[in-house]
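Residue strings, one per chain:
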Amino acid sequence: MSHPRGLASTIGTAARAARVRANLTQEDVAERVGLATEVYGRLERGGMLPSVPTLKKLCEVLHIPSDILLGLTPAQENFWTQTQETPAQPVEEPAEIRRLLRNLRKLEPAELRLLSIMAAGLLRLRPLRHGRSPHDAP
């Protein structure tokens, strides 16, 4: 049986590789798994072992089999290729959009209304920034 520190490092390395291949940030994975971003970062660095429920969620969120995450089966290149070519996985939003959505969820209703008004104003200004009148056809 491997040393717990070695296992933590193995899990962290595999989780990071899967996260990068899925084009997710540490904050994205932490939110989906239910961990603080700092805790997830420690996990990726091999500084801690996840609980069994967290390990299960990691496998689901990162679309990685538990035997690869635990280092029981080496991550073969064909696994990553097959995973990336699987059309069943939804297309991810860009990281900036996901970050914005996380912040929006923390706002009060009145703050959301104000932000919506500001966004609409920015969209109305867009034609002016591109040298066109707001009345010109796009």
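Residues numbered from 1 in each chain as written. Predicted model: local features only at pLDDT ≥ 70, side-chain atom pairs only at ≥ 80, totals over all residues. Heavy atoms only, no water.

Colleague: Sorry, what's going on with the nonpolar core here?
Modeller: Soluble globular proteins tend to bury their nonpolar side chains together. Counting 18 residues, the largest nonpolar core has V29, Y40, L58, L62, I64 and L69 as its most contacted members. The set of elements that each furnish at least two residues to this core consists of α1 (4-21), α2 (26-33), α3 (37-44), α4 (52-62) and α5 (66-69). (Core = buried A, V, L, I, M, F, W, Y, C linked by side-chain atoms within 4.5 Å. Buried < 20%, exposed > 50% of the residue type's maximum accessible area, 1.4 Å probe, protein only. Helix = DSSP H or I, 4+ residues; strand = E, 2+ residues; numbered from the N terminus.)

Colleague: Explain the pattern of salt bridges here, please?
Modeller: Side chains that carry opposite charge are capable of pairing whenever their charged atoms lie near each other. In the structure shown here, the tally under the stated rule is 8 salt bridges. The residue D28 makes a salt bridge to R98 at a minimum N-O spacing of 2.5 Å. Residue D28 is found in helix α2, and its partner R98 is found in helix α7 (residues 95-104); the two are separated by 70 residues along the sequence. Each of the two residues, D28 as well as R98, counts as buried. With a shortest N-O distance of 2.7 Å, D28 and R102 are connected by a salt bridge. Taken together, the residues span a long stretch of sequence, with D28 in helix α2 and R102 in helix α7 at a distance of 74 residues. In this structure, a network of salt bridges that share partners links the residues E27, D28, E31, R98, R102 and R105. (Salt bridge = Lys/Arg side-chain N within 4 Å of Asp/Glu carboxyl O.)

Colleague: Would you explain the environment of L104 in this entry?
Modeller: Along the chain, L104 turns up in helix α7. Taking relative accessible area as the criterion, L104 reaches 23% and is therefore assigned partly exposed. Excluding its chain neighbours within four sequence positions, the residues that come into contact with L104 are L112 and L115. (Contact = heavy atoms within 4.5 Å.)

Colleague: So what exactly am I meant to see when it comes to the environment of P50 here?
Modeller: Within the element layout of this structure, P50 appears in the loop between α3 and α4. On the basis of relative accessible area, P50 is assigned to the buried category, the value being 15%. The spacing of P50 and A8 is 42 residues in sequence and 8.1 Å in space, taken between C-alpha atoms.

Colleague: Just to check I follow, could you spell out a nonpolar patch on the surface for this structure?
Modeller: A cluster of nonpolar side chains, L114, L115 and M118, forms an exposed patch at the surface whose accessible area comes to about 270 Å². For L115, the location among the structural elements is in helix α8 (residues 109-129). Judged by its relative accessible area of 31%, L115 falls in the partly exposed class. (Patch = residues over 30% accessible without salt bridge, like charges linked within 9 Å, V, L, I, M, F, W, Y side chains within 5 Å. Areas by Shrake-Rupley, 256 points an atom, 1.4 Å probe, with all protein chains shown as cover.)

Colleague: I keep staring at α3 and nothing clicks. Help me out?
Modeller: For an α-helix, 3.6 residues make a turn, and residues three or four places apart therefore share a direction. Listing the buried residues of α3 in full gives Y40, G41, L43 and E44. One side of α3 holds all its buried residues, which, seen down the axis, span an arc of 155 degrees. The positive-phi residue at the C-terminal boundary of α3 is G46, with phi of around 80 degrees. (Arc of directions from axis to C-beta.)

Colleague: Please clarify how unusual backbone geometry should be interpreted in this entry.
Modeller: Excluding glycine, residues mostly have negative phi values, and the peptide bonds linking residues are mostly trans. Positive phi outside glycine occurs at N23, with the angle close to 60 degrees. Position of N23 among the secondary structure elements: in the loop between α1 and α2. Its identity as a non-glycine residue notwithstanding, H63 has a phi of 55 degrees, on the positive side. Along the chain, H63 falls in the loop between α4 and α5. On the accessibility criterion, H63 (38% relative accessible area) is partly exposed.

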